[in-house]
Amino acid sequence: MKRKIRKRVLSIAGIDPVLLLGVKDRNIKIIEENFDQNITVRGEEIILTGSVRAIEEISEVLETLLRIAGEGRTITEGDVMAVIRGGEGEEEKIGTLDETVVYYSPLRRRNITPRSVRQKEYVDAVRDNDVVFAIGPAGTGKTYLAIAMALAALKRGEIEKIYVSRPVVEAGENLGFLPGDLQEKLDPYIRPIFDALTYMIGKEKVQKMIDSGQLEIAPLAYMRGRTLNNAFAVLDEAQNSTIMQMKMFLTRLGVDSRTVITGDITQIDLADKEKSGLVAASEILNGLEGIRFITFGEEDVVRHRLVKRIIRAFAGMDNERKNNNKKGINRVNGSSVTEDTDE
């Protein structure tokens, strides 16, 4: 029996199309990819064609986004995915994102706010817990928001100092062959932290904070023996810390201090990936009172939309390798040989 094709037209009259559709209709493309349906935008109309079920599901998503855009809010890719995933109160949560001001950037003259429901969950977790782990792929705003929250805490007088650290792990390159003295060799490892701070408050302000002792940016190894009182500590790229380093960092916390640990367990550069401190911490500390884990997925990526596709492609390759290893497949000279396994 032939499947009946239906058609529905939704009006977007009175709504700024860029707020709803995104640049070059990227929000519509996300919906198309998730529902495997073509959507036509013509003037002030969105035209849906397909099965009754597909049209109903897409209409529900678009109508929710229309209400949000109608309030003057720009719809992000994270918003689209949050609505597609569904869940009670998603529309209300998205509508309050702009109200959750993390930090006001004087340099940019704008508020830094969460750009997705998951980011808001992350911000709320940091406000309510002394230790928060943010785990997920690149481009989800983990480090950026951690830095913003640290600056906000300093501005409110809740802390006296910000510590930001990263493990120094060579990712396929040899540190000894980099030019310059030790500090110059280390700079590339901590440069992303400087970039985030400079973007929010400017290079001169960053340097003043360092000179006054309000800000310290250093490799993780330099944290040994320290006690961090009245501080906000951020450990970035924590997947490259060893188990002992992770324990060392977490036990640095002193009075009136809090910490955020960020990382991506799919990008471990340690020779022995099983010794990642971030992986161990997620297994050992999950569920402890005062410690919160926030997990981001590829749907939470807020960078260029191609970043999400790149992450998905690499994840597919990793899964294929794991499946091949499980089946005992060796590829030699383009041929596959199946070996006996104990499974």
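Residues numbered from 1 in each chain as written. Predicted model: local features only at pLDDT ≥ 70, side-chain atom pairs only at ≥ 80, totals over all residues. Heavy atoms only, no water.

K.L.:
How should I be thinking about the pattern of salt bridges in this particular structure?
P.N.:
Where charged atoms of side chains with opposite charge meet at close range, the side chains can pair. If you walk through the whole model with that rule in mind, you get 12 salt bridges. Arg-118 is the salt-bridge partner of Glu-121, the closest N and O atoms lying 3.6 Å from each other. Of this pair, Glu-121 and Arg-118 both sit in helix H6 (residues 117-128), 3 residues apart, roughly one helical turn. Taken together, the shared-partner salt bridges in this structure form one network comprising Arg-118, Glu-121 and Arg-292. (Salt bridge = Lys/Arg side-chain N within 4 Å of Asp/Glu carboxyl O. Helix = DSSP H or I, 4+ residues; strand = E, 2+ residues; numbered from the N terminus.)

K.L.:
Help me understand the sheet that holds strand E8 (residues 215-219), please; the structure alone is not making it clear to me.
P.N.:
Either a parallel or an antiparallel arrangement is found when strands of a sheet pair, and the pairing is made through backbone hydrogen bonds. Spatial ordering of the open sheet is given by E8-E7-E9-E10-E6-E11, a layout of 6 strands whose pairing is parallel. With partners counted over all chains shown, the strands left at the sheet margins are E8 and strand E11 (291-295), one partner each. Each adjacent strand pair in this sheet contributes to an overall mean axis angle of 15°, direction not counted. The pairing of strand E9 (residues 231-235) with strand E10 (residues 258-263) spans 4 bridges and is parallel. Residue pairing across strands places Leu-235 opposite Ile-261, the latter belonging to E10. Of the strands in this sheet, strand E6 (131-135), E9 and E10 are in contact with helix H10 (residues 243-250), which crosses E10 at around 155°. (Pairing = 2+ DSSP bridges. Axes fitted to C-alpha atoms, helices over the stretch in contact; angles between N-to-C directions. Contact = heavy atoms within 4.5 Å.)

K.L.:
Before we go on, may I ask you to explain the nonpolar core in this structure?
P.N.:
Considering soluble globular proteins, one finds that nonpolar side chains tend to be buried as a cluster. Core analysis: the biggest nonpolar cluster contains 38 residues, and Tyr-122, Leu-151, Ile-162 and Phe-232 have the highest contact counts within it. At the level of elements, H6, E6, helix H7 (142-155), strand E7 (161-166), helix H8 (182-201), helix H9 (203-212), E8 and E9 are the ones that each hand at least two residues to this core. Listed in part, the 27 residues of the second largest apolar core include Ile-12, Ile-15, Val-80 and Met-81. (Core = buried A, V, L, I, M, F, W, Y, C linked by side-chain atoms within 4.5 Å. Buried < 20%, exposed > 50% of the residue type's maximum accessible area, 1.4 Å probe, protein only.)

K.L.:
How do you make sense of the environment of Met-209 when you look at a structure like this?
P.N.:
Within the secondary structure, Met-209 sits in helix H9. Overall, Met-209 belongs to the buried group, its relative accessible area being 3%. A sequence separation of 48 residues divides Met-209 from Lys-161, and the C-alpha atoms of the two residues are 9.1 Å apart. If we ignore the near neighbours within four places in the chain, the residues touching Met-209 are Leu-151, Leu-154, Ile-162, Ile-201, Gln-214 and Leu-215.

K.L.:
So what exactly am I meant to see when it comes to the sheet that holds strand E2 (residues 39-42) here?
P.N.:
Reading across from one edge, E1-E3-E2 is the order of the 3 strands in this open sheet, with antiparallel pairing throughout. The sheet terminates laterally at strand E1 (6-11) and E2, the two strands that pair on one side only. When strand polarity is set aside, the average angle formed by the axes of neighbouring strands in this sheet is 20°. Judged from the 4 bridges that link them, E2 and strand E3 (residues 45-50) form a sheet pairing that is antiparallel. Residue pairing in the sheet places Ile-39 in a bridge with Leu-48 of E3. Of the strands in this sheet, E1, E2 and E3 are in contact with helix H3 (residues 52-70), which crosses E1 at around 5°.

K.L.:
Can you walk me through the packing of H3 against helix H4 (residues 77-85) in this structure?
P.N.:
Any two packed helices are characterised by the angle at which their axes cross and by the distance between the axes. At their nearest, the axes of H3 and H4 sit 10 Å apart, and the two run at 135° to each other. Taken as axis vectors, H3 and H4 run oblique relative to one another. Crossing angle aside, the handedness with which H3 passes H4 is right-handed. Two secondary-structure elements touch here, H3 through Val-61, Thr-64 and Leu-65 and H4 through Asp-79, Val-80, Val-83 and Ile-84. Among the residues forming the contact of H3 with H4, the class breakdown is 5 nonpolar, 1 polar and 1 charged. (Parallel < 35°, antiparallel > 145°, perpendicular 65-115°, else oblique. Left-handed = near helix turned anticlockwise from the far one by under 90°. Nonpolar A, V, L, I, M, F, W, Y, C, P; charged D, E, K, R; others polar.)

K.L.:
Looking at this model, I keep getting lost on the environment of Pro-17. Mind explaining?
P.N.:
Residue placement: Pro-17 occurs in helix H1 (residues 17-21). Measuring from C-alpha to C-alpha, the distance between Pro-17 and Gly-43 comes to 9.3 Å, with 26 residues separating the pair along the chain.

K.L.:
How do you make sense of the packing of aromatic side chains when you look at a structure like this?
P.N.:
To describe a pair of aromatic rings, one takes the distance between the centres and the angle between the planes. Within the structure shown, the criterion is met by 3 aromatic pairs. Considering the side-chain rings of Phe-133 and Phe-293, the 4.5 Å spacing of their centres and the 5° angle between planes classify their relative orientation as stacked. With Phe-133 in strand E6 and Phe-293 in strand E11, the pair connects residues that are 160 residues apart, well separated along the chain. For the residue pair Phe-133 and Phe-293, the accessibility class agrees, reading buried in each case. The lysine or arginine in question, Arg-108, covers the ring of Tyr-199, its NZ or CZ lying 3.8 Å from the ring centre. (Phe/Tyr/Trp six-rings, centres within 6.5 Å; stacked < 30°, edge-to-face > 60°. Lys NZ or Arg CZ within 6 Å of the ring centre and 35° of its normal.)

K.L.:
Looking at this model, I keep getting lost on H7. Mind explaining?
P.N.:
Each full turn of the α-helix corresponds to 3.6 residues, which orients residues three or four apart in the same direction. Look at H7: 20 Å from first C-alpha to last across 14 residues, which is about the 20 Å you get at 1.5 Å a residue. Counting buried residues along H7, 12 of its 14 residues qualify, which places the element largely inside the surrounding structure. When H7 is considered as a whole, its buried residues turn out to be Lys-142, Thr-143, Leu-145, Ala-146, Ile-147, Ala-148, Met-149, Ala-150, Leu-151, Ala-152, Ala-153 and Leu-154. Two residues or fewer past H7, Gly-157 is found with a positive phi of approximately 80°. (Expected span 1.5 Å × (residues − 1).)

K.L.:
Please explain the side chain of Arg-252 as it appears in this structure.
P.N.:
Following the sequence through the fold, Arg-252 ends up in the loop between H10 and E10. Despite its burial, Arg-252 remains without a salt bridge, the nearest opposite charge being carried by Glu-216 at 12 Å. Beyond its immediate stretch of four places on either side in the chain, Arg-252 contacts Met-223, Gly-225, Arg-226, Thr-227 and Leu-228. (Lys, Arg positive; Asp, Glu negative; His and termini not counted.)

K.L.:
Hey, could you run me through the packing of helix H2 (residues 26-35) against H4 in this one?
P.N.:
It is the contact of H2 with H4, at a shortest axis distance of 9 Å, that shows an interaxial angle of 35°. The handedness of the crossing between H2 and H4 comes out as right-handed. Along the contact surface, H2 presents Arg-26, Asn-27, Ile-30, Ile-31, Asn-34 and Phe-35, while H4 presents Glu-77, Val-80, Met-81 and Ile-84.

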